Amino acid sequence: MRGLFWTEDKIVKAQTLWQEGLSAREIANLFGSKKNTVINMARRNRDRFPARQDARHAPPETREAKAPIRHPDRVTRVTLSGAHVTMPRVPCIDGPAS
């Protein structure tokens, strides 16, 4: 069995580097390992390595939808699939333009 890469001394050193703001790649280069090794170790020790970014951003405020542009020479129809399509007005079907 392989020996453990992350000893307590290395974890403490990585924790101080993490708090100083070094990236996972920079910490990995100092230890001679890979970025994912540092990221996995940080996830296992989340109490020592807090997340650096906000979990989620709030969605932007919702605005009222703009009223659709109405063209007197076009009509909106609903297809069998439920899609709304705009088509040219056909006087014999749609009646005169209003």
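### Here's the deal with the overall build of the chain
- When helices and strands are counted, the chain shows four helices and two strands.
- Along the chain, from the amino end to the carboxyl end, the secondary structure elements read α-α-α-β-β-α.
- A compact globule built from 98 residues would reach a C-alpha radius of gyration of about 13 Å, whereas the chain, at 30 Å, exceeds it by more than 25%.
- Principal axes of the C-alpha set define a box for the chain whose edges measure 85 × 35 × 20 Å.
- For the chain, buried positions account for 17% of its 98 residues.
- Contacts in the chain between residues at least 24 apart in sequence constitute 35% of all its contacts with a sequence separation of at least 6.
- Just so you have it, the chain exposes about 8700 Å², and 54% of that area is on carbon and sulfur atoms.

### Concerning the packing of helix H2 (residues 24–31) against helix H3 (residues 35–44)
- Where H2 meets H3, the axes come as close as 8 Å, and the angle between the chain directions of the two elements is 110 degrees. In terms of axis orientation, H2 runs roughly perpendicular to H3. Of the residues in H3, those touching H2 at Ala24, Arg25, Ile27 and Ala28 are Lys35, Val38 and Ile39.
- Here the residues of the contact of H2 with H3 are counted per class, giving five nonpolar, no polar and two charged.

### Quick word on the nonpolar core
- Grouped together as the largest cluster of nonpolar side chains are 13 residues, with contacts concentrated most on Trp6, Ala14, Ile27, Phe31, Val38, Met41 and Phe49.
- Contributing elements (two or more residues each) for this core: helix H1 (8–20), H2 and H3.
- In this structure, alanine 14 is in contact with Trp6, Ile27, Phe31, Met41 and Phe49, ignoring residues within four places of it in sequence.

### Here we look at the pairing of strand E2 (residues 84–88)
- Bridge count between strand E1 (residues 74–78) and E2: five bridges; the pairing is antiparallel. When the sheet's bridge partners are listed, valine 75 is paired in E2 with methionine 87.
- In this antiparallel pair of consecutive strands, E1 and E2, the connection spans five residues, and glycine 82 shows a positive phi of 100 degrees.

### Regarding the environment of histidine 71
- For histidine 71, the location among the structural elements is in the loop between H3 and E1.
- On the basis of relative accessibility, which here comes to 43%, the residue histidine 71 falls in the partly exposed class.
- Separated by 17 residues in the primary sequence, histidine 71 and proline 88 place their C-alpha atoms 9.4 Å from one another.

### Observations concerning the pattern of salt bridges
- Across all of its chains, the model carries one salt bridge by this definition.
- The partner of glutamate 8 in a salt bridge is arginine 48, with the nearest N and O atoms 2.6 Å apart. Of the two residues, glutamate 8 is situated in helix H1 and arginine 48 in the loop between H3 and E1; the sequence distance between them amounts to 40 residues.
- By relative accessible area, glutamate 8 is classed as partly exposed at 43%.
- According to the relative accessible area criterion, arginine 48 is partly exposed, its value standing at 22%.

Conventions and cut-offs
Residues numbered from 1 in each chain as written. Predicted model: local features only at pLDDT ≥ 70, side-chain atom pairs only at ≥ 80, totals over all residues. Heavy atoms only, no water. Helix = DSSP H or I, 4+ residues; strand = E, 2+ residues; numbered from the N terminus. Rg over C-alpha atoms; globule rule 2.2 N^0.38 Å. Buried < 20%, exposed > 50% of the residue type's maximum accessible area, 1.4 Å probe, protein only. Contact = heavy atoms within 4.5 Å. Areas by Shrake-Rupley, 256 points an atom, 1.4 Å probe, with all protein chains shown as cover. Axes fitted to C-alpha atoms, helices over the stretch in contact; angles between N-to-C directions. Parallel < 35°, antiparallel > 145°, perpendicular 65-115°, else oblique. Nonpolar A, V, L, I, M, F, W, Y, C, P; charged D, E, K, R; others polar. Core = buried A, V, L, I, M, F, W, Y, C linked by side-chain atoms within 4.5 Å. Pairing = 2+ DSSP bridges. Salt bridge = Lys/Arg side-chain N within 4 Å of Asp/Glu carboxyl O.

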